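Below are the chains, spelled out letter by letter.
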Amino acid sequence: MDVNNIWETVTTTGSEYVTAYGFKLVSAILVWIIGSYIIKTMNNAFGKALEKSKTDDSLRPFLKSLIGALLKVVLVITVLSTLGIEMTSFIAILGAAGLAIGMAMSGTLQNFAGGVMILIFKPYKVGDYIDAQGHAGTVREIQIFNTILKTPDNKTIIIPNGGLSNSSMVNYSTEPTRRVDFTFGIGYGDSIEQAKEVLLNILKNDDRIINEPAEPFVQVSALADSSVNFTVRVWVNSGDYWGVFFDTNAKVYNEFNKAGINIPFPQMDVHVHKD
């Protein structure tokens, strides 16, 4: 076979492949580009619809991510069909691969299931301050696999949903009111009645302290090694917790000094004996 015949065969075969698969390849590329644009547009429209319907802030990112992932799977299958790939065999292969991937990614699937459980039972929502998995912060976003926290010092913490749904957690934002607990000590020899009166006056003059579900509590709780300890308990609105906590400590120190009441601190007496 001479060179001309070889070139003619190659050209003919190439033309046949281009004719057979070129149109499919171009079509698949166009489907991918157009489909990606449609998915982005639909996802944005879906997000706006969720906002207008006043869907829970915790649920919006989760639903958008889930719908986006499902639409992309449909797009991939459509592109493969456009290329002429037999989808029955492909789906069977995809199912087997999915099983293998599912076994390998059991932790990720656990996080997905945890995210679903969190959104159903709502132990916390976006904006709540929680303490879980050794971390504390304000919930900024609940995603498919993770929950994003923002700490008071502006750090971002990413916690897998699986652990959050299966372990203990403290939510500080659930109840509208919280109790603030203090322990104040006075020296032996100081008047218990005077100290109690000073403490009650401080509490009564703070408008942030409320009388429901209980009035301020001030009682002697312990005769310690170097002090007589008072337990003080007051109720406040949750947003006033830290303000009342810090302000009351400062006020007690100042008022005890004015009243001549001693605030004891650990001391050690050393006796030196000379022969």
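None of the values given here were measured: they were computed from a predicted structure.

## Thoughts on helix 7 (residues 241–258)
- The terminal C-alpha atoms of helix 7, which comprises 18 residues, lie 26 Å apart, in line with the 26 Å expected from a rise of 1.5 Å per residue.
- Taken residue by residue, helix 7 has Tyr241, Val244, Thr248, Val252 and Phe256 as its buried positions. Projected onto a plane normal to the axis of helix 7, the buried residues spread over an arc of 75 degrees and lie on a single side. Among the exposed residues of helix 7, those pointing more than 90 degrees away from its buried face are Trp242, Phe246 and Lys258.
- Those residues of helix 7 hidden inside the fold are in contact with strand 6 (177–186), helix 6 (192–204), strand 7 (209–210) and strand 9 (228–237).
- Looking one or two residues beyond helix 7, the residue adopting positive phi is Gly260, at roughly 75 degrees.

## A short note on the pattern of salt bridges
- Across all of its chains, the model carries seven salt bridges by this definition.
- Asp181 is paired through a salt bridge with Arg179; the nearest N and O atoms lie 2.8 Å apart.
- Arg208 is paired through a salt bridge with Asp247; the nearest N and O atoms lie 2.8 Å apart. With Arg208 in the loop between helix 6 and strand 7 and Asp247 in helix 7, the pair connects residues that are 39 residues apart, well separated along the chain.
- You can call Arg208 partly exposed: its relative accessible area is 24%.
- On the basis of relative accessibility, which here comes to 33%, the residue Asp247 falls in the partly exposed class.
- A cluster of three or more residues bridged by salt bridges with shared partners is formed by Asp206, Arg208, Asp247 and Lys251.

## Some points on the packing of helix 6 against helix 7
- Where helix 6 meets helix 7, the axes come as close as 10 Å, and the angle between the chain directions of the two elements is 140 degrees. Classified by the angle their axes make, helix 6 and helix 7 are oblique. Remark: the crossing between helix 6 and helix 7 carries right-handed chirality. Counting all contacts with helix 6, which are made through Ala195, Val198, Leu199, Ile202 and Leu203, the residues of helix 7 involved are Thr248, Lys251, Val252, Glu255 and Phe256.
- Here the residues of the contact of helix 6 with helix 7 sort into seven nonpolar, one polar and two charged.

## Quick word on the nonpolar core
- Counting 21 residues, the largest nonpolar core has Ile186, Leu199, Val232, Val234 and Phe256 as the members making the most contacts within it.
- Residue assignment for this core shows that the elements contributing at least two residues are strand 6, helix 6, strand 9 and helix 7.
- Those residues in contact with Phe256 that lie beyond four places of it in its chain are Gly185, Ile186, Ala195, Val198, Leu199, Ile261 and Ile263.
- Counting 13 residues, the second-largest nonpolar core is a separate cluster that includes Ile118, Leu119, Tyr124 and Ile142.

Criteria and cut-off values
Residue numbers run consecutively from 1 along every chain, following the written order of its sequence. Given that this is a predicted model, residues contribute local features only at a pLDDT of at least 70 and side-chain atom pairs are listed and counted only at 80 or more, while totals for whole chains, interfaces and linings are drawn from all residues. Only hydrogens and water are removed before side-chain values are computed, so all heavy atoms of the structure are retained for them. In this description a helix means any DSSP run of H or I spanning at least four residues, a strand means any run of E spanning at least two, and both kinds are numbered starting from the N terminus. The span expected for a helix works out to 1.5 Å for each residue beyond the first. Relative accessibility thresholds used throughout: buried, under 20% of the residue-type maximum; exposed, over 50%; partly exposed, between the two (1.4 Å probe, protein chains only). As used here, the arc belongs to the directions running from the helix axis to the C-beta atoms. A contact between two residues is defined here by any heavy atoms of the two lying within 4.5 Å. Every case where a carboxyl oxygen of Asp or Glu lies within 4 Å of a side-chain nitrogen of Lys or Arg is listed as a salt bridge. Axis lines are fitted through C-alpha atoms, for helices just across the contact stretch, and the angle between N-to-C directions can take any value from 0 to 180 degrees. Here the angle decides the label: under 35 degrees means roughly parallel, over 145 means roughly antiparallel, 65 to 115 means roughly perpendicular, and every other value means oblique. Should the near helix be turned counterclockwise from the far one by less than a right angle, the crossing is left-handed, whereas a clockwise turn marks it as right-handed. Any residue that is not Ala, Val, Leu, Ile, Met, Phe, Trp, Tyr, Cys, Pro, Asp, Glu, Lys or Arg is counted as polar, Gly included; the first ten are nonpolar and the last four charged. To form a nonpolar core, buried Ala, Val, Leu, Ile, Met, Phe, Trp, Tyr and Cys residues must be joined to one another through side-chain atoms within 4.5 Å.

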